[in-house]
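Okay, here's what each chain looks like letter by letter:
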Amino acid sequence: MAEQYSSFTPGGTRWFLQRVTAAFLVVVLAFHFFLLHFVNHAYEVTFLGTQARMENVGYLLTMVLFLITATFHGVNGVYNALVNQGLEGTQKKAVLAVLVVASVGLVAQGTYVALTMSGMI
Amino acid sequence: MSQSYNRGLIEDFGRWKEFSAGMWAWIFHKFTGWMLIGYLFTHIAVLSTSVGAAGNEAAIMAESDVYTTTLQGLEGLFLIRLLEVGLLAVAVFHILNGLRLLMVDLGVGLEAQDKSFYASLVLTGAITVASVPTFLTGVSL
Amino acid sequence: MSTQQAEPESQEAPEDPEMKGAESPAAEQQKGGGMVDEQAEKEAELEGETVHIKVFRYDPEVEGKQEPRFDDFHVPFTKGMTVLDSVMYARDEYDSSLTFRHSCRQAVCGSDAFFVNGKQRLGCKTQISDLEQPVRIEPLPHQEVVKDLVVDMDHFYDQMHAVEPYFQDEDTPETDALEEQRQSPENREKIKMSSRCIWCGACMSSCNIAAGDNEYLGPAAINKAYKFAMDDREGEEIKEHRLRILEQEHGVWRCQTQFSCTEVCPKDIPLTEHIQELKREAVKKNLKFW
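Labelled according to an unreviewed UniProt entry, chain C appears under the name Succinate dehydrogenase/fumarate reductase iron-sulfur subunit, originating from Natrinema salsiterrestre.

By the naming in an unreviewed UniProt entry, chain B goes by Succinate dehydrogenase, cytochrome b556 subunit and is assigned to Natrinema salsiterrestre. Quoted verbatim from the Subcellular location (unreviewed entry) field of UniProt, the annotation for chain B is "Membrane".

This is the structure:
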């Protein structure tokens, strides 16, 4: 097997980023749940209320960052799970491409939605 | 080797009774992870109704815009409320076990990794049960 | 390893009533004076009894044995009997075609790792009185079975060799300047546990990721690399070279900290801990360049 390890492809950056985003997400996800289920109730959400929250630039930025980190953390997790199952070769590249496109799409759409909520668009 | 026998994935899921704490933690973490990323996509899709709602000041003030009506329509369904409780359980477990994994990554308390898994399970259960009243307010079957 | 050809009648041997009734020499044994600890109690219970073992059988060379099955053996219990003792008895007394690897019988050679009652264990280090009966003895999972309890270890050895499991020095000093390479007691302490590996393959077999991803180095090889990477006598350059092998996609990052390997290791090596430490080392090394 030694020859299989000749190509140098460090996976450390993704591993590290997965941990860094995890630490961020633990806090923000807990905050998000608390704010929208206990402080405000999900069944009372109106566009007016959402707009009021999103007009705060700090909140808006936190939510966009939340979206980006969550997307990375989640999609990277899915990719890892598939690599752990032994995904390789062309299939692996195809899956990676699909996941990257889906992530970019999600972040773009989510950011657009956030901007409409804040009244900036 | 002339011939050999591949026993395939023996030990994998048919032997779940023999799994240890660390294995269960991994299975649950992965399962909840899949749920959360799946939910994130759905979440953004539902919130996308804000694109149609934005700008129509009269409807927004009357709370009859498409965003508000969609969300409140969904929230009026008992099933959705139940799923929300499930989502909370999934998120809380993923957070607590995630903290456990961060500790493991830092090399802290590796001897207690099984206990910290049981602790995250118990805490998840407790937080979920305690949240049921809040999550089911104002909705009935 | 027994390599005898199977006798055709060996297949019905297990249920032979003669064998069940075999008088145990253990019945004669005297119980030690004040020894009434748990172990002694369990053994006392089994005294004069037979132990029921179910052994996985497969032989590609004999027709009728190519379909894997389990054979039952009732082995007379003797004090201190291990799983290895029980299969050796079954082989010597009932079916000489029963095949498994063993050598030192004292947990040093690492040849007799089996899958016993759903867990990877070393046959010679597992007391049969500690197990629930019938004791199910199978070859290590996730490796091809060659015959009965013998699995193909080639892939495991390939992974072990991939991490260059030998001491390396940057430059050999001049012949007249040769000196003993001393290790500090602290450094010795650090790599002590990792040096206990006996290459039995139990950890690799228990690893869910190694089962799915054939390229994953696996716990044993990573632990072996740890032993050398953490050894102060090897230079910085060699350590970096070692980390480069470990930090590839199918290196340390595949470990999902399920702790399966740590739990089955018959030498109690903290495998997960070592893998985690190497992950942190690799990240630290890369952060320096940012």
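(A) Fine view of the domain arrangement of chain C. All names here are of chain C. One can read the domain layout of chain C as domain 1 (8–151) and domain 2 (154–174 + 183–287). Each partner contributes residues to the interface: domain 1 has 13 residues there, and domain 2 has 14 residues. Interface area, domain 1 with domain 2, both sides summed: about 1,000 Å², of which 56% is carbon and sulfur. At the surface where domain 1 touches domain 2, the tally comes to zero salt bridges. Run the count over domain 1 and domain 2 and you get four residue pairs in polar contact (both at pLDDT 80 or more).

(B) Focus on the UniProt feature "transmembrane region" (unreviewed entry) in chain B. Residue and element names in this part refer to chain B. The UniProt entry lists residues 21–41, 78–96 and 117–136 under the feature "transmembrane region" (unreviewed entry), expressed in the numbering used here. Segment residues 78–96 splits into 100% helix and 0% strand. End C-alpha atoms: 27 Å apart. Secondary structure within residues 117–136 divides into 95% helix and 0% strand; the distance between the first and last C-alpha atoms comes to 28 Å.

(C) Representation of the interface of chain B and chain C. The interface is formed by 26 residues belonging to chain B together with 34 residues belonging to chain C. With both chains or domains summed, chain B and chain C bury close to 2,500 Å², and 50% of this area falls on carbon and sulfur atoms. Here chain B is connected to chain C by seven residue pairs in polar contact (both at pLDDT 80 or more). Of all the secondary-structure elements, those providing two or more residues to the side of chain B that touches chain C are helix H1 (21–47) and helix H5 (78–105) of chain B. Sorting elements by how many residues they give to the side of chain B that touches chain C places H5 of chain B first, with four residues. A breakdown of the residues in the side of chain B that touches chain C according to their chemical character gives 10 nonpolar, nine polar and seven charged.

(D) Spotlight on the interface of chain B and chain A. In this assembly, 36 residues from chain B lie in contact with 37 residues from chain A. Asp105 of chain B is the salt-bridge partner of Arg19 of chain A, the closest N and O atoms lying 2.7 Å from each other. Summed over the shared surface of chain B and chain A, the result is seven residue pairs in polar contact (both at pLDDT 80 or more). For the side of chain B that touches chain A, the secondary structure elements donating two or more residues are H1, helix H2 (49–53), helix H3 (57–61), helix H4 (66–75), H5 and helix H6 (113–135) of chain B. A per-element tally of the side of chain B that touches chain A places H5 of chain B first, with 10 residues. Residue classes in the side of chain B that touches chain A are distributed as 20 nonpolar, nine polar and seven charged.

(E) Layout of a nonpolar patch on the surface. Taken together, the side chains of Val57, Leu61, Tyr112, Met120 and Ile121 of chain A define a hydrophobic patch exposed on the protein surface, amounting to about 500 Å² of accessible area. Residue classification places Tyr112 of chain A among the partly exposed positions, given a relative accessible area of 35%.

(F) Just the pattern of salt bridges, in detail. All names here are of chain C. Counting across every chain of the model gives 20 salt bridges over all chains. Linking Lys190 and Glu277 is a salt bridge whose minimum nitrogen-to-oxygen distance equals 2.7 Å. Placement of Lys190 in helix H5 (residues 185–192) and of Glu277 in helix H11 (residues 271–287) is noted, with a sequence separation of 87 residues between them. With a relative accessible area of 16%, Glu277 lands in the buried category.

(G) Representation of the packing of helix H2 (residues 47–54) of chain A against helix H4 (residues 89–118) of chain A within the structure. Residue and element names in this part refer to chain A. At a minimum axis distance of 7 Å, the contact between H2 and H4 shows a crossing angle of 100°. By the angle class used here, H2 and H4 are roughly perpendicular. In this structure, H2 contributes Phe47, Thr50, Gln51 and Met54 to the contact, and H4 contributes Ala114, Thr116, Met117 and Ser118. Considering only residue class, the contact of H2 with H4 consists of four nonpolar, four polar and no charged.

(H) Representation of the confidence of the model for chain C within the structure. Residues and elements named next belong to chain C. Mean pLDDT for chain C: 85, with 85% of residues reaching 70 or above. Taken as a whole, residues 1–35 scores under 50 in pLDDT and shows 57 contacts with residues more than four places along the chain or in a different chain. Among the scores for the predicted complex, ipTM is 0.89 and pTM is 0.86.

(I) Broad picture of the packing of aromatic side chains. All names here are of chain B. Counted under the stated rule, the structure contains 19 aromatic pairs over all chains. Plain terms: the ring middles of Trp24 and Phe28 are 5.7 Å apart, the flat faces sit at 45° to each other, and that makes the pair tilted. Pair noted here: Trp24 and Phe28 are both in helix H1, with a separation of four residues, about one helical turn. The exposure class assigned to Trp24 is partly exposed, which follows from its relative accessible area of 26%. Its relative accessible area of 29% is what places Phe28 among the partly exposed residues. On the basis of an interplanar angle of 45° and a centroid distance of 6.2 Å, the ring pair of Phe28 and Phe117 is categorised as tilted. Here the residue Phe28 occupies a position in helix H1, and Phe117 occupies one in helix H6, the gap between them amounting to 89 residues.

(J) Representation of the state of the cysteines within the structure. Residue and element names in this part refer to chain C. In total, this model carries zero disulfides over all chains according to the counting rule given. With no disulfide partner, Cys255 has as its closest neighbouring cysteine sulfur the one in Cys261, 6.4 Å distant. Look at Cys255 and you get buried, because its relative accessible area is 11%. Free cysteine Cys261: the closest other cysteine sulfur is in Cys203, separated by 6.3 Å. Cys261 gets classed as buried once you look at its relative accessible area, which sits at 9%.

Analysis parameters
- Chains are numbered independently. Their residues run from 1 in the order of the written sequence.
- In the order they appear in the text, chains get letters beginning with A and ligands get numbers beginning with 1.
- The model is predicted, so local features are restricted to residues of pLDDT at least 70 and side-chain atom pairs to those at 80 or more, both for listing and for counting; the totals for chains, interfaces and linings are taken over all residues.
- Side-chain descriptors were evaluated using all non-hydrogen atoms of the structure, hydrogens and water having been removed beforehand.
- UniProt positions are given in the numbering used here, feature names are shortened, and annotations may be inferred rather than shown by experiment.
- An automatic or database domain assignment is the source of the domain bounds shown.
- Only heavy atoms enter the contact rule, under which two residues are in contact if any of them lie within 4.5 Å.
- Defined in terms of a 1.4 Å probe, buried area is the accessible area two parts forfeit on being brought together, summed over both.
- For this analysis, a salt bridge means a side-chain nitrogen from Lys or Arg found within 4 Å of a carboxyl oxygen belonging to Asp or Glu.
- Here a polar contact is taken to be a pair of N or O atoms separated by no more than 3.5 Å, where protein atoms must pair a possible hydrogen donor with a possible acceptor and residues adjacent in sequence count only if both atoms sit in side chains.
- Helix numbering and strand numbering both begin at the N terminus, where a helix is a DSSP run of H or I of at least 4 residues and a strand a DSSP run of E of at least 2.
- Note that Gly is not counted as nonpolar here; it falls among the polar residues with everything else outside the nonpolar set of Ala, Val, Leu, Ile, Met, Phe, Trp, Tyr, Cys and Pro and the charged set of Asp, Glu, Lys and Arg.
- By definition, no residue in a patch forms a salt bridge, and every one has over 30% relative accessible area; like charges are joined within 9 Å, nonpolar side chains (Val, Leu, Ile, Met, Phe, Trp, Tyr) within 5 Å.
- Working definition of accessibility: Shrake-Rupley area with a 1.4 Å probe, residue cover restricted to the visible protein chains.
- Only protein chains enter the accessibility calculation, which uses a 1.4 Å probe. A residue is then buried if its area is under 20% of the maximum for its type, exposed if over 50%, and partly exposed in between.
- Axis definition: a line fit to C-alpha positions, over the contact stretch in the case of helices; interaxial angles, taken between N-to-C directions, run 0 to 180 degrees.
- Each angle is binned into one of four classes, with values under 35 degrees roughly parallel, values over 145 roughly antiparallel, values of 65 to 115 roughly perpendicular, and all other values oblique.
- Every residue gets a pLDDT, meaning the predictor's confidence in that residue, from 0 to 100.
- Pairing of aromatic rings covers Phe, Tyr and Trp, the last counted by its six-membered ring, and requires centre-to-centre distances within 6.5 Å; plane angles under 30 degrees mean stacked, over 60 mean edge-to-face, and any other angle means tilted.
- In what follows, a disulfide is any cysteine sulfur pair within 2.5 Å.

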